[in-house]
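Spelled out, the chains give:
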Amino acid sequence: GTAPMPAQKVTAKSVKLGQVDLSWAAPVFDGKSKVTSYVITATAKGKKTITKTVSGSLRKATLTGLSNATTYTIKVVAKNSKGSSEPVMVTVPVA
């Protein structure tokens, strides 16, 4: 097996202050090894990086503790026992 392909159709929206709701679709190909987790990282210049790891069976997550009125770059990485996918990046203005 190999590391999985990247998650697909990653969307991010901020409807509450300091929060981002993310959703995604599973990779096209998991490298013949089940995706065990998705690691989500939110970064913004001069702000604390927020990281959240969720189960490979999930297709959505909510990040909290983000700074208000700040645009974040959010990376989603799919992981399996063989390694990590390329990151998928989206930018989202946090409420």
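Each residue is numbered by its place in its chain's sequence as written, counting from 1. Given that this is a predicted model, residues contribute local features only at a pLDDT of at least 70 and side-chain atom pairs are listed and counted only at 80 or more, while totals for whole chains, interfaces and linings are drawn from all residues. Hydrogens are left out, water is left out, and the side-chain values use all remaining heavy atoms of the structure.

Describe the pairing of strand E2 (residues 20-25), naming the residues involved and giving the relevant values.
Across the two faces of E2 the burial differs, with Val-20, Leu-22 and Trp-24 buried and Asp-21, Ser-23 and Ala-25 not buried at all. Strand pairing is assigned whenever DSSP detects at least two bridges linking the two strands. Helix and strand definitions follow DSSP, with helices as H or I runs of at least four residues and strands as E runs of at least two, each counted in order from the N terminus. When strand E1 (residues 8-13) meets E2, the two strands line up antiparallel, connected through four bridges. Counted as the bridge partner of Thr-11 is Ser-23 from E2. Linkage of E1 to E2, two consecutive antiparallel strands, is achieved through a turn of six residues, within which Gly-18 is found at a positive phi near 70°. Here four bridges tie E2 to strand E5 (residues 60-63), and the two strands are oriented antiparallel to one another. The classification of residues rests on relative accessible area computed with a 1.4 Å probe and restricted to protein chains. Under 20% of the type maximum is buried, over 50% is exposed, and intermediate values are partly exposed.

How would you summarise the nonpolar core if you had to cite specific residues and measurements?
Here, nonpolar core means buried Ala, Val, Leu, Ile, Met, Phe, Trp, Tyr and Cys residues that are tied together by side-chain atoms lying within 4.5 Å of each other. One finds Trp-24, Ile-40 and Ile-74 to be the most contacted residues of the largest nonpolar core, which totals 23 residues. Sorting the residues of this core by element identifies E2, strand E3 (37-43), strand E4 (50-55), E5, strand E6 (71-80) and strand E8 (88-93) as the ones contributing at least two each. Take this core: its biggest share by element is four residues, from E6. Residues contacting Ile-74, with those up to four places away along its chain left out, are Ala-12, Val-20, Leu-22, Ile-40, Thr-41, Ala-42, Leu-63, Val-88, Met-89, Val-90 and Val-92. By definition in these notes, contact holds between two residues if any of their heavy atoms fall within 4.5 Å.

Provide a residue-level description of the sheet that holds E1, including the pertinent values.
Taken in spatial order, the three strands line up as E1-E2-E5 in an open sheet, and their pairing is antiparallel. Here the strands that pair on one side only, and so sit at the sheet edges, are E1 and E5. For this sheet, the mean angle separating the axes of adjacent strands, direction not counted, is 15°. To get an axis, a line is fitted to the C-alpha atoms, and for a helix only the part in contact is used. The angle between two axes follows their N-to-C directions and goes from 0 to 180 degrees.

I'd like to hear about unusual backbone geometry, residue by residue, with values.
Positive phi values are uncommon outside glycine, yet Lys-9 reaches one of about 50°. Examined against the element boundaries, Lys-9 turns out to sit in strand E1. Residues other than glycine seldom take positive phi values, yet Ala-69 does so here, at roughly 55°. Secondary-structure assignment places Ala-69 in the loop between E5 and E6.

Note that all results are geometric; they support no functional claim without further evidence.
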